[in-house]
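Chains, contacts and geometry: an overview
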Amino acid sequence: WPAKLRMSEAESTVLTEQAPDALKCKITHEIMSEPAVVNGHCYQRSVITEWLSSNRVDPMTRAPCTVADIRPSHNIRNMVEEMLAKHRERRVEEAAAVKAAAEAAGAAGCRVAEAMAEGKELLSSSSSSSSSSS
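Everything numeric in this text was worked out from a predicted model, so none of it was measured. Numbering of residues begins from 1 in every chain and follows the order in which that chain's sequence is written. Side-chain atom pairs in this predicted model are given and counted only at pLDDT of 80 or more, local residue features only at pLDDT of at least 70, and totals for whole chains, interfaces and linings cover all residues. To obtain the side-chain values, all non-hydrogen atoms of the structure were included, while hydrogens and water were left out.

1. What about the sheet that holds strand β3 (residues 71–72)?
Short version of the rule: Strands are treated as partners if at least two bridges between them are detected by DSSP. By the criteria applied, helices consist of DSSP H or I runs no shorter than four residues and strands consist of E runs no shorter than two, each listed in order from the N terminus. Pairs of residues are marked as contacts when any of their non-hydrogen atoms sit within 4.5 Å. As a rule, the C-alpha atoms of each element are fitted with a line to give its axis, helices using only the stretch in contact, and angles between N-to-C directions run from 0 to 180 degrees.
Taken together, three strands build an open sheet; the order of strands is β2-β1-β3 and the sheet is antiparallel. Here the strands that pair on one side only, and so sit at the sheet edges, are β2 (41–44) and β3. Across two bridges, the pairing between strand β1 (residues 35–38) and β3 is antiparallel. Following the sheet pairing, Ala36 is matched in β3 by Pro72. Here helix α2 (residues 45–54) sits on the sheet and contacts β1 and β2; the angle it forms with β2, its principal contact strand, is near 100°.

2. A short note on the nonpolar core
Rules: To qualify as a nonpolar core, a set must consist of buried Ala, Val, Leu, Ile, Met, Phe, Trp, Tyr and Cys residues joined through side-chain atoms within 4.5 Å. For each residue, the accessible area found with a 1.4 Å probe, counting protein chains only, is set against the maximum for its type, and the residue is called buried under 20%, exposed over 50%, and partly exposed in between.
Of all hydrophobic cores here, the largest spans 19 residues; its most connected members are Leu23, Ile31 and Ile48. Listed by contribution, the elements that provide at least two residues to this core are β1, β2, α2 and α3 (74–132). For this core, the element with the most residues is α3, which contributes four residues. Once residues lying within four places of it in the same chain are set aside, the contact partners of Ile48 are Ile27, Ala36, Val38, Tyr43, Pro59 and Ile70.

3. Some words on the pairing of β2
Of the pairings in the sheet, the one linking β1 to β2 comprises four bridges and is antiparallel in character. Bridge pairing in β2 places Pro35 opposite Gln44. Connecting β1 to the next strand, β2, in antiparallel fashion are two residues, including Asn39 with a positive phi near 50°.

4. Focus: the environment of Gln44
The cut-off we apply is this: Residues adjacent in sequence count toward polar contacts only when both atoms are side-chain atoms; beyond that, a polar contact is any pair of N or O atoms within 3.5 Å, and within protein one must be able to donate a hydrogen and the other to accept it.
Looking at where Gln44 falls in the secondary structure, it is placed in strand β2. A C-alpha to C-alpha distance of 8.2 Å links Gln44 and Ile31, two positions 13 residues apart in sequence. A polar side-chain atom of Gln44 sits 2.9 Å from the main-chain amide nitrogen of Ser33.

5. Looking at the pattern of salt bridges
Note the following rule: Any Lys or Arg side-chain nitrogen located within 4 Å of an Asp or Glu carboxyl oxygen qualifies as a salt bridge.
For the structure shown, the criterion picks out five salt bridges. Salt-bridge contacts for Arg77 lead to Glu81; the nearest nitrogen and oxygen are separated by 3.3 Å. Taken together, the residues Arg77 and Glu81, both in helix α3 and four residues apart, mark about one turn of the helix. Given the relative accessible area of 13%, Arg77 is considered buried. For Glu82, the salt bridge identified is with Lys86, shortest N-O distance 3.2 Å. Of this pair, Glu82 and Lys86 both sit in helix α3, four residues apart, roughly one helical turn. Given the relative accessible area of 47%, Glu82 is considered partly exposed.

Structure (C-alpha cells):
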C-alpha cells in the first residue's frame, strides 16, 4: 500500500468542502487520505476495513466481499495528493501576500509617524518663533 497522505484536520475540512464526490469516502463523505477500492467504489481504507470486519458485504453494492478484496486506489490517491499540494501552494502564496501587505502597511505607518513627528516639530518651532517675536 502507498503511504497514507498526511494532512491536518483543517486541511481535511477544507479539502472535503472543495473536493468532488469521487475523492470522498462513500461512507464518511470526507476526503480520503488512504483511498481503497472494493467492487468499483472508493472508501477510506480504515473505514471500509472496519465495515467489512463486521459486515461481509460491500456497503454500496451489497455484493459479498472481505478485507482481502480491498485494493489501493492509486488514481484517487494521486488526485487527492495533487489537490492537497495545490491547497498548500495557495496557502503559501496567501501567507506571502499577507506578509507583504503587513510590511507595506508597517512601512506606510512608519512614514506617517515620521510625517507626524515632523509636523509636531514644525508646529513647535513655529509656535516658539511666534512667541519669541512677541
